[in-house]
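Each chain is listed here by its residues.
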Amino acid sequence: MKETPNAWDFQEDKNLLNVKDGLLRYWFYWPWFVMSVVICASLGFLYAHYTPDVYESFAKIKILKEADQLNVVSERVSIGDRVSMDNQIESLKSYRLLSDVVRKLNLDVSYYQKETLKTTEVWEVPFKISRRYIEDTLSTARSYDITINSDGFRIVDDKGIKHSILKYHNQNTLTTELPFKIMMAEAGMDDLEINEYKLVFNPIKATVLELSKILDVSAADAKTSDIITLKLAGQSKEKSEAILNAVIVNFEQDGVKDKQLVSKQTLEVIDKRFGYLSGELDSIEVGKQSFKQRNRLSYIEADASLSLQKKSMVEDQVFELGTQISLAKLLKDKVIEEAKYNTLPAEMGLQNQTLNAMVFEYNKLALERNKLLPNVASNHPTLVDLSGQLERGKTNILKAVNNYEAGLKKSASQLEREQNIASARFSRIPEKEKKLRSIERQQGIKENLYMLLLQKREEAAINLAATIPSIKVIDYAVTPIKPISPKKAVVYPLSLFLGMFFPFIVLFTRFSLDNKVHDKAAIEKLIPEVPIVGEIPVLNGGKTFENDNDRSALGESFRILSTNVNYLLPEKGKGQGKVVYVTSSIKNEGKSLVALNLSLAFASMEKRVLLVGADLRNPQLHAHFEADRSTAGLSDYLMNPELKFKDCLHEGFGKNAFHEVYLGGAIFSNAPVLLAGKRFETFMNEARREYDYVIVDTAPTLLVTDTLLISKYSDLTLFVVRAGHTDLHLLEFSKNLVKTKRLRNMAYVFNGVGHGNSKAVNYGYGYGYEPQKPTKTRNKFRLKKMKM
């Protein structure tokens, strides 16, 4: 059983052909692709080899939680156990911190080593620079080209001014016109080479802002990770590593200073109070000594201790209350005397935990405000909010101290009443002993207060000396071996891709905007019912074949055309020639040349052929015969009834006796009237009787109606379409001619096949149709008058 082809197979073959045709359109421009690839590959090579390498250095630190740090003054852990990573990142990139780094490392001075087609930033140079200006006074960047040779330094500033050569060994020759001093480093003198450097001085502020811009500080996960990564890209690995390490050190020292601030404030308050306590203790000791000497007292009897046990308990309580009242008063005085937003002494021994917590929170807010103040304006919302919280906190502390002091005094008053009752019971104790006890009690209060403050001072001193940093360095600055830019593995493939992409996008745009006919597939797709009887190639040499044995591509293409035309021509009786019209939509599509060569093709087969120039408005056949435009022809025959058929007949090409021509003749303004008259019909009938084939070169159908007026006399109409010249919308016009049957038995001739530049033609609707000046041709056949 014979298999029938599948519709999918046909569709697949058709798609394959479409893809192949599309690729062939681009393949025609392969020199463009080769040239573009070579240029892009060369640019990529130059970029990869002459662009300075850029390396990315990185460092990692860990933000320690408060629970991980030793705090001697306070054993409590902050309520916010998790440090705000955003605040830490902003602190690392703060202007204050980076400004210190810029000044310490002299980052406002940049050094570049100049090579052939390449200038690279370096960190170490063989010379030393000493400024002659104040750092903050520079407003714009200044650059200097420095050449080191055997004689010394040759310096050219950014204005092109050359300065005198500076000797290495004589600093007195340094020119005062330069804003810096320069001298060779000791290491540079050992290995002196001729090198060129570029020295750039930048403003401090611009340098800090640029560093803040290029410094990348990020956290792996702000919610779950305490690790911060610092990254910095630059041409000098050593410089980037030095900057990152300096940023880490400054940030660590800044955190330590913040923690030491509270301890320093506590030490200052305690040291000040020690002076007062020492004086009071000395006074009490002297008074006690004098009292005993005057009253001859030395020891209280043992039996008095039992009777005074209850009284002693009351006295202990009074002592404790007195201590608390003194501490409360001390804190109250400090709160009143202290300047705005400074920290307060913490953990002075007050037994009121609420008051201690209020002081702790106040100090925490004060530290946060002082840290934020250098980086923001005074009206910044966060700063204003912190100031308000501190004001309210200070007021609350004063209220709490007053309430606590009032409560203590009330308790003390009650204890004093109890003490008076006990004293009355034991009135037998000598008044002198009572006074002595009073003195000793005051002495004990002051001694206990002194010891308490001494203990707190030692704790604060230990905290100050043993402050643990708030960060842990995981990795100091490290730079990978491979640069991040330029990446040769990306540059070279990208160069090749761009080399292919640029011509492709140009051609794609060109093809997309092109509305010309380039292949017969466009004709077959739009008008499948009309056959294409021939394809004429682009003619680089002669445009006509000169003899019957011509085997050129031109000759063969027209022989094929003549054969295909014969199949389409209807059968005629004996003595009836066949008439073939050759027309087109607009001019310059090659219809006259097709008509000439088709007539020569039939003549080469020893058929009597008459070539007729029926384009009376713009005749062109005379240009192929070295004849004048005024040579008698068809228009003269139609205009003058006295002329006979053979009066305007001329020999064709001299080497072919079967070829004769009837030129267009003189140009008259009433061409449509002449062609529509009876005399043209007489002419056609005469031509049919005398010749086997009558090839008529007619006027373009879109521009004038001449061809449509005489279409009834034709047996076949060849419609010429020129590759790269005919617009696609003109095919719609020819399709309409077929549909309305205004042209009889029409077929297409595709002219200019393989025309590579036709796609560049830009055609609109303003088609002109005016007589053209005669042009020289390569044909050497001179027109001869037919012998009567």
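Relevant structure appears above.
Quick notes on the rules
Residues numbered from 1 in each chain as written. Predicted model: local features only at pLDDT ≥ 70, side-chain atom pairs only at ≥ 80, totals over all residues. Heavy atoms only, no water. Helix = DSSP H or I, 4+ residues; strand = E, 2+ residues; numbered from the N terminus. Expected span 1.5 Å × (residues − 1). Buried < 20%, exposed > 50% of the residue type's maximum accessible area, 1.4 Å probe, protein only. Axes fitted to C-alpha atoms, helices over the stretch in contact; angles between N-to-C directions. Parallel < 35°, antiparallel > 145°, perpendicular 65-115°, else oblique. Contact = heavy atoms within 4.5 Å. Nonpolar A, V, L, I, M, F, W, Y, C, P; charged D, E, K, R; others polar. Salt bridge = Lys/Arg side-chain N within 4 Å of Asp/Glu carboxyl O. Phe/Tyr/Trp six-rings, centres within 6.5 Å; stacked < 30°, edge-to-face > 60°. Lys NZ or Arg CZ within 6 Å of the ring centre and 35° of its normal.

Asks: When you look at helix α16 (residues 591-604) in this model, what are you seeing that I'm missing?
Replies: Helical geometry note: an α-helix holds 3.6 residues per turn, so side chains three or four residues apart project in the same direction. The end-to-end C-alpha distance of α16 is 20 Å, a good match for the 20 Å that 14 residues give at a rise of 1.5 Å each. Of all 14 residues in α16, 14 are buried; the element is thus mostly enclosed. Positive phi appears at E606, one or two residues downstream of α16, with a value of about 60°.

Asks: Where do I start with the packing of helix α15 (residues 553-568) against α16 in this structure?
Replies: The description of two helices packed together rests on the angle between their axes and the distance between the axes. At a minimum axis distance of 9 Å, the contact between α15 and α16 shows a crossing angle of 80°. One way to sum up the angle between α15 and α16 is to call them roughly perpendicular. Between α15, through L554, F558, R559, L561, S562, V565 and N566, and α16, the contact on the second element is made entirely by L593, V594, N597, L598, A601, F602 and S604. Classifying every residue of the contact of α15 with α16 gives nine nonpolar, four polar and one charged.

Asks: Would you take a moment to explain the pattern of salt bridges for this structure?
Replies: Where charged atoms from two side chains of opposite charge come close, those side chains can pair. Evaluation of the coordinates by the stated rule reveals 13 salt bridges. Here D158 ties to R142 by a salt bridge, and the two come within 3.4 Å at their closest N and O atoms. Taken as a pair, D158 in the loop between β6 (153-157) and β7 (162-166) and R142 in strand β5 (residues 142-148) lie far apart in primary sequence, 16 residues in all. On the basis of relative accessible area, D158 is assigned to the partly exposed category, the value being 38%. Three or more residues joined by partner-sharing salt bridges are found here, namely K591, D615 and D697.

Asks: When you look at helix α4 (residues 95-105) in this model, what are you seeing that I'm missing?
Replies: Among the residues of α4, those classed as buried are L97, L98, S99, V101 and V102. Looking one or two residues past α4, N106 carries a phi angle of roughly 55°, positive in sign.

Asks: So what exactly am I meant to see when it comes to the packing of aromatic side chains here?
Replies: Each aromatic ring pair is specified by the distance between its two centres and by the angle formed by the two planes. Counted according to the given criterion, the structure contains 21 aromatic pairs. Between Y637 and Y662 the ring centres are 6.4 Å apart and the planes differ by 85°, which places this aromatic pair in the edge-to-face class. Separated by 25 residues along the polypeptide, Y637 in helix α17 (residues 634-639) and Y662 in strand β17 (residues 659-662) bring together distant segments of the chain. In this structure, Y637 and Y662 share a single accessibility class: buried. Linked through ring pairs, Y637, F645, Y662, F680, F683 and Y713 together constitute an aromatic cluster. One Lys or Arg, K237, reaches over the ring of Y55 and ends 5.0 Å from the middle of that ring. Positioned above the aromatic ring of Y637 is the side chain of R679, whose terminal nitrogen or guanidinium carbon lies 3.9 Å from the ring centre.

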